[in-house]
Amino acid sequence: MRSKRRKKGKPDLSTGLNLAVVTAFTALILWGIFLVRDKMLQNTQELGTSLAESYALEEQSRIQVYGMLIRLGTKHMDTLTENGSSGEEIQKWLSDYDRDLEDILGASVVDPYAVVNGEILAAAPWEGDREYEYENTEWYRKAMEEGNEVIFTDAYVDAITGRELVTVARKAEHSDSVLAFDIFLDNFYIHKNLAELPEHSSFFLYDSSGQLIYSITELDTSREEAKVYTRQLLEGIQDGTLEPFNSSIRDLDGRQRGVYYYKMDNGWTSVITIPLNTILQGETDEIFLFLLGICLLLLAVVLFTVFREFLGKERLRRISDTVNILGNSYYGIYRVNYVQGTYETVKSSEDVADRLGREGDYGVLMEVMRELVDEQTNEDFQKSFSLENIRRLVEEGIYDFGGDYKRLFGDQYRWVNARMICSSSLGLDEVIICFREVDAEKQLQLKQQMLLESALESARKSARDKSMFFSHVSHDMRTPLNAVIGLADLALEHRDDSRKMTDYLEKIRQAGRQLLTLINDILDISKIDQGGAGTLDSKPADLQKCVEDCASMFGDEAEKTGKVFRTEFSVRDRMVYCDTFRISQILNNLLSNAFKYSGPGAEIVLKVKQLEYGAAKGKYEITVADTGFGMSGEFLERIFQPFTRETRFSPVQTVGTGLGMPIVKSLVQQMDGDISVKSELGKGSTFTVTLPFAPAEPEEEVPEPEEAFSLEGRRILVAEDNGINMEITVEFLTMMGAEVVQAADGREAVKRFAESEPGSIDAVLMDMQMPEMDGCEASRKIRSLDRPDSRTVPIVAVTANAFAEDVAQTKAAGMDGHLAKPIDFKALCRLLESIAVQRQQEKGRQDREN
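An unreviewed UniProt entry lists the chain under the name Stage 0 sporulation protein A homolog, from Candidatus Lachnoclostridium stercorigallinarum. In its Catalytic activity (unreviewed entry) section, the UniProt record describing the chain reads: "ATP + protein L-histidine = ADP + protein N-phospho-L-histidine."

Asks: I keep staring at the overall build of the chain and nothing clicks. Help me out?
Replies: Along its length, the chain carries 25 helices and 29 strands. Buried residues in the chain amount to 41% of all 850 residues. Sequence separation of 24 or more characterises 62% of the internal contacts of the chain that already satisfy a separation of 6 or more. As displayed, the chain has an accessible area near 48000 Å², and 51% of this comes from carbon and sulfur atoms.

Asks: I keep staring at the packing of helix α16 (residues 543-552) against helix α18 (residues 580-596) and nothing clicks. Help me out?
Replies: The description of two helices packed together rests on the angle between their axes and the distance between the axes. With their axes 10 Å apart at the nearest point, α16 and α18 run at an angle of 40° to one another. As the angle between them shows, α16 and α18 are arranged oblique. Read as a crossing pair, α16 and α18 show a hand that is right-handed. Judged by residue contacts, Leu543, Cys546, Val547, Cys550 and Ala551 of α16 engage Thr580, Ile583, Ser584, Leu587, Asn588 and Leu591 from α18. Here the contact of α16 with α18 is built from residues that sort into 8 nonpolar, 3 polar and no charged.

Asks: What is the right way to read the pairing of strand β23 (residues 674-680) from this model?
Replies: Consecutive side chains of a regular strand alternate in pointing toward one face of the sheet and then the other. Burial along β23 is one-sided: Ile675, Val677 and Ser679 are buried, while Asp674, Ser676, Lys678 and Glu680, pointing the other way, are not. As judged from the 7 bridges shared by β23 and strand β24 (residues 684-695), these two strands associate in the antiparallel manner. Within the sheet, the bridge partner assigned to Lys678 lies in β24 and is Thr686. The hairpin formed by β23 and β24 contains 3 residues between the paired strands, and Gly682 there has a positive phi angle of roughly 85°.

Asks: Looking at this structure, how should I read the pattern of salt bridges?
Replies: When the charged atoms of two side chains with opposite charge come close together, those side chains can pair. In the structure shown here, the tally under the stated rule is 36 salt bridges. For Glu173, the salt bridge goes to Arg170, with nearest N and O atoms at 3.3 Å. Among the residues examined, Arg170 registers a relative accessible area of 7% and is labelled buried. Of the charged contacts in the structure, one is a salt bridge between Asp767 and Lys821, with a shortest N-O distance of 3.1 Å. Of this pair, Asp767 sits in strand β27 (residues 763-767) while Lys821 sits in the loop between β29 (817-820) and α25 (825-849), placing them 54 residues apart in sequence. Overall, Asp767 belongs to the buried group, its relative accessible area being 4%. Take Lys821: its relative accessible area is 28%, and that puts it in the partly exposed class. Connected via shared salt-bridge partners are Asp251, Asp253, Arg255 and Arg257.

Rules and cut-offs
Residues numbered from 1 in each chain as written. Predicted model: local features only at pLDDT ≥ 70, side-chain atom pairs only at ≥ 80, totals over all residues. Heavy atoms only, no water. UniProt positions renumbered as here; feature names shortened; annotations may be inferred. Helix = DSSP H or I, 4+ residues; strand = E, 2+ residues; numbered from the N terminus. Buried < 20%, exposed > 50% of the residue type's maximum accessible area, 1.4 Å probe, protein only. Contact = heavy atoms within 4.5 Å. Areas by Shrake-Rupley, 256 points an atom, 1.4 Å probe, with all protein chains shown as cover. Axes fitted to C-alpha atoms, helices over the stretch in contact; angles between N-to-C directions. Parallel < 35°, antiparallel > 145°, perpendicular 65-115°, else oblique. Left-handed = near helix turned anticlockwise from the far one by under 90°. Nonpolar A, V, L, I, M, F, W, Y, C, P; charged D, E, K, R; others polar. Pairing = 2+ DSSP bridges. Salt bridge = Lys/Arg side-chain N within 4 Å of Asp/Glu carboxyl O.

See below:
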């Protein structure tokens, strides 16, 4: 194996030729001095400009903090003003806010004060503040001109204290009050910039008027000559003389400095100066001598190279070989002779350097490693890096081998990568064993692995849930669909039997409504999966009337099924801000279940009770109790899970989608409420919903119409692109006594309305999704027509999408209301009646104003 070692050779070039090459190279270096100098100045300009930008961004960040604090303060002051707080209360708040600012900023950086109702209020009042003519100050004029925007003044001398300062101010949103912070320049730099400057460098920050705000410099800026120097510095930037990369300015100590700057968004200028000595590592002569010394050193290296074989510098060659194989990223590097069983230390960590020394027996190295490697991997480490295994790896041509393990550093274990590296081209009986700390990389890798495993499990669960969801939906949709198709076939077979036809059609309608309920529940549950059942539309409403209206729909059912249904109210504040549609949805689910799962003679009670009273929010308790079949304890634990149904024996077959209770719970939680349930088999169930509502002012009472609202004799424009839907709508409206004007799309609807006599169209039913022009665009076109009824004619959206965002689109398009498909024509009458009442209220208000 020794025959594979590199043989000692003689130099290929003569000494004279080497000297000639070094001389030519020296001349080339001297010629390149000036090129290098220019390149260094160009690179330094980029570095200095980037550093100036970094300081500027830090200042902008600090300015944004002041802006955020003054916005918060203005908002709170606005609230105090609106609530009618006195000047003493606002001044007390300013004092408290001043202490809060000191806690946040860590020092008395700002001095807050405000103009409220023409009076100066300050956290720390000063003498003569009441005679202070704030109207003529720059900060007050700017704040009033800029509206709600935060303004910063240039630096100026305070008329009260005589100190230099910058003022930040903002006008309140709902009044002419102004909140201001005085930031004194000697406090402006309390929170120092984190970026470090090069040695002997300086930083200057100027405002938009050229006033020096603060600086980081070795100069005494209070001296007059220093002030002249800083003015010359800014003038050189402004007139462009300091723009070129090789331009400079001489400071008060006679040193030439490169100048680099950055213009901030607010007009301030961030300037950094760096001594040219720092950039060029000395003057030109010093560079010349330094490079000449390098040339001489290169000559010595050439001579050394020629004679190194004669001088026997074997260790230098060995270190050179090692550096060619390894980088500097390892804390421990050892050359191991696997034939002789020895090691040589190239680099060692401090904790084992004394024990291992420069060289030694390989067994000593492995014994030291045994003490440091953790117990779980110690045995594997000893086997993997044993001399026998190293020889086997080399013989098999494996030249890079290793892995990760935990090594003891002080009193804690950290991850380390150990590698055995060798090169067959060098012909050595040696390998390099090196160690590199990889704790951060390993921890990140382990964390990523955990995240991947968690994501994989979540994906699997999501796939299972989705599969189960579609399985339930498929089953529940096929049941009513099978009834519709089967009953339709039976109806066709018994066309002449009116009794059977009526029975089949009634059952088809029931199956259709069951399918519609399922579809609505699926849409609601999909919204829950996306983070909520939709956006709440809270408006002033009579809570008791909302509940009574919902309960009235179950009165007929109670009579038909022989059940007792009653309501009880204990409410003082009936007018509240609430979403009546969502409240009705909750009550419909709870009351439907109460009637569905109770037998004849059962008692169903709906109670509404106000629990708490207050100006901010009151708390209301809605209870639905029945003496029906009840539920098992096992089912109660999962009643709010989707597609969950009670499977115990009961007098009625379990029906429904199993989505009602999850939807109810989601809606209650969205309203910041709670829901609970108590039930016992054979005794009944009680659902209790607790909801907070803010009180609202009573609405103006409108006299009830003398006659029930009717479509008799009314002319209605219907825009619908589906032929069957148009046929159904026209038939029902005609049966109700209305005259129908048909339009096949939005463009035709606009045309028909424009061609009609003003006031001849009493209402418009507008489908949302149509070819040529959709419902929203058509509504906007109608509202923009130049005719007296274009803005008053009721336009009702007819849509298959009944989510809050869809309703918001219809309102934005100028529509007065919306109905979900299939159309409930009784609901249409109620909606048109409410629109008519609303128009009457608006007309009454206009008459009173005129």
